[in-house]
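# Inside the fold
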Amino acid sequence: MAKNGQIRIGPWLLKPDHNLITDGRRSRKLEPRAAKMLQYLFEHRGRVISRDELLQQVWSKTALTDHAISVVVASLRQALDDDAANPKYLSTVRKRGYCLLEAAQEEPALNHTGQSVATPWSLPRLTVQFSSVAAALAIFITASILFGRPEAATSEPQTPGHKIVLRPLVTPAPVDQGYAQVIKDLLMMELSRYGDVTISSDADTAAPDFLEVSGAVNTDSGNALHLSLSRNDSHGIRESSEIAAPGILNVSAMVRNSVADLMAGKKAVTVSSKGAFSAPILLDRARYFWGFHRDDRNRIAYRIVKQVLEEDPLNGDAHALLAEFYAALPGASWGLDGIDTLVLAEQHIQRAAELGTDSKFIWRAKARLFSERDHDDARAIEYYQKALDADPDDHWTWRSIAVALAKSSEFDAALEAHDRAITLSLEPSGAEWEKMTTLYFAQQFNEALSLYHKLKLIDGRTGVRTALIHYMAGDHVGAYGQWQTYFDTRGMTNVADIFRTADTNASPESVYRTVADEIIYAKPNGVSPYALAYILLAAGKPSEATRVIEGAYRQMVQNEDPRYSRSAALMRIDPFFEKHALSTSIEAILSAVSITTQGSSSSRSSSVPSNISTTMP
């Protein structure tokens, strides 16, 4: 029965508006299509629903094959802890369709004390990470490697009576820390199938009823990843070692195989194969890499989404996420030189719409396209809000809308959105870095500097923005240190040495003048024109800074680089430019190239063929 928009299926409550089910102890997120199918089956429970009817009513005929139905049905069984061989809720009627059994509404939802639960929607989000995510990812890996057809699930209870302690992994410097983080996440997901997982670095935590897991990740000369794990409990020590080539699918398989070997003899929730391919897990992982705002992480994110589309070409969310990537960065970032990725973004959004996608992914992609192609951040914010309506607790969308609000100089609203993203994120440092940047543009320099000092403890990233924050907060020695690191990482030790040995009693302008003279003399290729412009301004050379900025901006417009709109928005609100009285010059530069911008935009649609296929970039 449905009550207040909630549908009861055994111990589970479904809230269709949030694509969420819970039994009072566990909370699991469903794909929008799965939630819609479950709701339709519930409304017609007791009746066999054919695949054709599901295609008509749930997919609106946008699914080109009924394999998509098999995928969703298997994911629903997994979420409901149902068994295809002995179904409690969802039955397959051979050659006819599917039926939600009448028994689906009999069991009340219980909490851990055995009492009825009325409104369980305030459960911690972390529960999702250690339940449906674990099983669904394992299902996908088994399918990709071992099987080629759907197979029945046979669920067993999790092993009671012990906890698993996962020690911090040993990851030497050569190991890509992004992969190391993913491996840790995957280990937690897999181990959660064997017991209650806790993360601890306390050597004294382990007790007789604890099973302790430790390990290390290394790379060899061929860049292959090596995962070594050991399990230590009252029965002794067991070890496992696996090797995998880089790639998210390979890494996932490596982790699953290693954990299965390590936990031999322990009961786990066994899983089905191909049927429950869980693309949302991989898409979330792609968005995780994208959140680093670094070229190497961006490429990993791109490969993950492409792999999802290779496995499931009809995945509308994957098309939409790929569109978001294409809208954000030019073709060269993805190895697509000479191709206009804004056109590709539009085509993938169209494909997602054709597939009936109505999730946060398509709204975010449209928002990004409005921002980058149309330079319309007000419209982008409107579409980010639609993404939040689809998933109010998605911290990635909160991060995106915060940045868009900051570009529109709506700093109070932007900071509120940043705080919301930080609260919702399991790893908030990325959202905190973005908040630090907004604080800089809002001219709250001391607050930005305070947040920087906090972040420096967990993330050693540095760059031009942090140097400017120190400068604007009056911490010139700190600014010298940031610039020193910036030039050291670019191999310009002669410039870095000027900052390294700077007389802290000398005027900052004289220090920057020495640096500017050295850079102009050396004519380096590795220095951002904006970094050079900032140094020229600090050196008291605004006219030279203006020429550098104008040249850089004209070059971006000439190349139809989609980043120029973002650059223009930030240039208008940059307090460093305002402090050095460059605002008028900036507006003149932007006005001078606006006609060129409008004129060139009309030719975009012809640079990529309009036909859509699953093999397009």
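Residues numbered from 1 in each chain as written. Predicted model: local features only at pLDDT ≥ 70, side-chain atom pairs only at ≥ 80, totals over all residues. Heavy atoms only, no water.

### A closer look at helix 20 (residues 493-500)
- All of the buried residues along helix 20 are Val-495, Ala-496, Ile-498 and Phe-499. Projection of helix 20 onto a plane perpendicular to its axis shows the buried side chains occupying an angular sector of 150 degrees, all on one side. (Buried < 20%, exposed > 50% of the residue type's maximum accessible area, 1.4 Å probe, protein only. Helix = DSSP H or I, 4+ residues; strand = E, 2+ residues; numbered from the N terminus. Arc of directions from axis to C-beta.)

### Quick notes on the side chain of Asp-340
- Counting through the fold element by element, Asp-340 comes out in the loop between helix 10 (316-328) and helix 11 (341-354).
- Within the local environment of Asp-340, its side chain forms a polar contact with the backbone nitrogen of Leu-342, the two atoms lying 2.9 Å apart. (Polar contact = N/O pair within 3.5 Å; in protein donor to acceptor, adjacent residues only side chain to side chain.)

### Section: the packing of helix 14 (residues 395-407) against helix 16 (residues 429-441)
- Their axes nearest at 10 Å, the elements helix 14 and helix 16 cross at an angle of 10 degrees. Overall, the two elements helix 14 and helix 16 adopt an arrangement that is roughly parallel. Contacts between helix 14 and helix 16 involve Arg-399, Val-403 and Ala-406 on the former and, on the latter, Gly-430, Ala-431, Glu-434 and Thr-438.
- The residue inventory of the contact of helix 14 with helix 16, partitioned by class, reads three nonpolar, two polar and two charged. (Axes fitted to C-alpha atoms, helices over the stretch in contact; angles between N-to-C directions. Parallel < 35°, antiparallel > 145°, perpendicular 65-115°, else oblique. Contact = heavy atoms within 4.5 Å. Nonpolar A, V, L, I, M, F, W, Y, C, P; charged D, E, K, R; others polar.)

### Quick notes on the packing of helix 18 (residues 464-472) against helix 22 (residues 529-538)
- The N-to-C vectors of helix 18 and helix 22 enclose an angle of 20 degrees; their axes lie 11 Å apart at closest approach. As judged from the angle between their axes, helix 18 and helix 22 are roughly parallel. The handedness of the crossing between helix 18 and helix 22 is left-handed. Two secondary-structure elements touch here, helix 18 through Val-464, Arg-465, Leu-468 and Tyr-471 and helix 22 through Ala-531, Tyr-534 and Ala-538. (Left-handed = near helix turned anticlockwise from the far one by under 90°.)

### Regarding helix 1 (residues 32-43)
- A rise of 1.5 Å per residue sets the reference length of helix 1, with its 12 residues, at 16 Å; its end C-alpha atoms lie 17 Å apart and thus fit the reference within 8%.
- Among all positions of helix 1, only Arg-33, Ala-34, Ala-35, Met-37, Leu-38, Tyr-40, Leu-41 and Phe-42 are buried. (Expected span 1.5 Å × (residues − 1).)

### Concerning unusual backbone geometry
- Unusually for a residue other than glycine, Asp-81 sits at a positive phi of about 60 degrees.
- Relative to the assigned elements, Asp-81 resides in the loop between helix 3 (67-80) and strand 6 (90-93).

### Some remarks on the environment of Phe-210
- Relative to the elements of secondary structure, Phe-210 occurs in strand 10 (residues 210-219).
- The buried category is assigned to Phe-210, whose relative accessible area is 17%.
- In this structure the C-alpha to C-alpha distance between Phe-210 and Asp-233, which are 23 residues apart in sequence, comes to 6.7 Å.

### Some thoughts on the pattern of salt bridges
- Under the criterion given, the structure shown has 21 salt bridges.
- For the salt bridge of Asp-261 with Arg-238, the shortest nitrogen-to-oxygen distance reads 3.2 Å. Of this pair, Asp-261 sits in helix 7 (residues 248-262) while Arg-238 sits in strand 12 (residues 236-244), and the two are 23 residues apart along the sequence.
- By relative accessible area, which is 31% here, Asp-261 ends up partly exposed.
- For Arg-238, a relative accessible area of 33% gives the class partly exposed.
- When the shortest N-O distance is used, the salt bridge between Asp-374 and Arg-373 registers 3.0 Å.
- Since its relative accessible area comes to 33%, Asp-374 is described here as partly exposed.
- On the accessibility criterion, Arg-373 (27% relative accessible area) is partly exposed.
- Through salt bridges with shared partners, a single network forms among Glu-324, Lys-360, Arg-364, Asp-391 and Asp-394. (Salt bridge = Lys/Arg side-chain N within 4 Å of Asp/Glu carboxyl O.)

### Section: the pairing of strand 11 (residues 225-233)
- Note that strand 10 and strand 11 share eight bridges and pair antiparallel. For Ala-216, the partnering residue across the bridge sits in strand 11 and is Ser-228.
- Here strand 11 pairs with strand 12 via nine bridges, running antiparallel. From the neighbouring strand, Arg-231 faces strand 12, where its bridge partner is Arg-238. (Pairing = 2+ DSSP bridges.)

### Section: the side chain of Glu-324
- By secondary structure assignment, the location of Glu-324 is in helix 10.
- Residues contacting Glu-324, with those up to four places away along its chain left out, are Arg-287, Arg-364, Ala-365, Arg-368 and Ser-400.

### Quick notes on the packing of aromatic side chains
- All chains considered together, the criterion is met by 22 aromatic pairs.
- Relative to Phe-441, the ring of Tyr-440 lies with its centre 5.2 Å away and its plane at 70 degrees, an arrangement referred to as edge-to-face.
- If you follow Arg-45 out to its NZ or CZ, it ends over the ring of Phe-42, 4.1 Å from the centre.
- The positively charged end of Lys-386 is found above the aromatic ring belonging to Tyr-383, 5.7 Å away from the centroid. (Phe/Tyr/Trp six-rings, centres within 6.5 Å; stacked < 30°, edge-to-face > 60°. Lys NZ or Arg CZ within 6 Å of the ring centre and 35° of its normal.)

### Quick look at the environment of Leu-191
- Locating Leu-191 in the fold gives a position in helix 6 (residues 177-191).
- Along the backbone, Leu-191 and Arg-256 are 65 residues apart, and their C-alpha atoms lie at a distance of 9.2 Å.
- Residue contacts for Leu-191: discarding those within four places in its chain leaves Ile-164, Leu-166, Val-197, Val-213, Val-259 and Met-263.

### A short note on the confidence of the model for the protein chain
- Averaged over all residues, the pLDDT of the protein chain equals 75, while 73% of them reach at least 70.
- Taken as a whole, residues 270-277 scores under 50 in pLDDT and shows 44 contacts with residues more than four places along the chain or in a different chain.
- Low pLDDT, under 50, characterises residues 595-616; the stretch is placed with 28 contacts to residues that sit more than four places away or in other chains. (pLDDT = per-residue confidence, 0-100.)

### Describing the environment of Ala-286
- Along the chain, Ala-286 turns up in helix 8 (residues 279-290).
- For Ala-286, a relative accessible area of 0% corresponds to the buried category.
- Distance from Ala-286 to Ala-301, taken between C-alpha atoms, is 4.2 Å for residues 15 residues apart in sequence.

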